[in-house]
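Spelled out from the first residue to the last, the chains are:
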Amino acid sequence: MDIQRAQDIFASKDNISVHLDGEPVWIEHVDAANGMATVQVGSRPTNVHTVGVDRLEEQKRQR
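A quick note: this is a predicted structure, and the numbers were derived from the prediction, not measured.

*Asks:* What am I meant to see in the pairing of strand β2 (residues 23-31) here?
*Replies:* Side-chain positions along a regular strand alternate between the two faces of the sheet. Relative to β2, strand β1 (residues 18-20) runs antiparallel, the two being bridged by three bridges. Bridging across to β2, V18 finds its partner in V25. Following β1, the chain reverses through two residues before pairing antiparallel with β2; D21 in that reversal takes a positive phi of roughly 50°. As paired strands, β2 and strand β3 (residues 36-41) are joined by six bridges and run antiparallel to one another. Residue H29 lies in a different strand from β3, and its bridge partner there is T38.

In structure tokens, the structure reads:
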């Protein structure tokens, strides 16, 4: 994913599915200057990681 899409998802009111290494994550912060995002992995609020946005994958909706 690119930095602009990560920012768009973070700002969106919609629930957009994003995965990191196959695990669902919530984007909590986007650091555009460094191309990084802070994400919560799964449903555990203590499982937080800062990763490059290029590691995040948006899951496209099935039609």
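So, next bit.
*Asks:* Explanation requested: unusual backbone geometry in the structure shown.
*Replies:* What you tend to see is this: most non-glycine residues have negative phi, and most peptide bonds are trans. We note that D21 has phi near 50°; this positive angle belongs to a residue other than glycine. With respect to the helices and strands, D21 occurs in the loop between β1 and β2. A relative accessible area of 59% places D21 in the exposed class.

*Asks:* Teacher, can you tell me more about the pairing of strand β4 (residues 48-52) here?
*Replies:* Where β3 lies against β4, five bridges are found, and the strand directions are antiparallel. The residue of β4 that forms the bridge with A37 is V51. Where β3 folds back onto β4 in an antiparallel hairpin, the turn is made up of six residues, including G42, whose phi is positive at roughly 65°.

*Asks:* I'm lost on the nonpolar core in this one. Help?
*Replies:* One recurring pattern in soluble globular proteins: nonpolar side chains tend to sit buried together. Among the nonpolar cores identified, the biggest contains 14 residues, and V18, L20, V25, I27, V39 and L56 are the most heavily contacted of them. For this core, the elements supplying multiple residues, two or more each, are α1 (3-11), β1, β2 and β3.

What counts and how
- Residues numbered from 1 in each chain as written.
- Predicted model: local features only at pLDDT ≥ 70, side-chain atom pairs only at ≥ 80, totals over all residues.
- Heavy atoms only, no water.
- Pairing = 2+ DSSP bridges.
- Helix = DSSP H or I, 4+ residues; strand = E, 2+ residues; numbered from the N terminus.
- Buried < 20%, exposed > 50% of the residue type's maximum accessible area, 1.4 Å probe, protein only.
- Core = buried A, V, L, I, M, F, W, Y, C linked by side-chain atoms within 4.5 Å.

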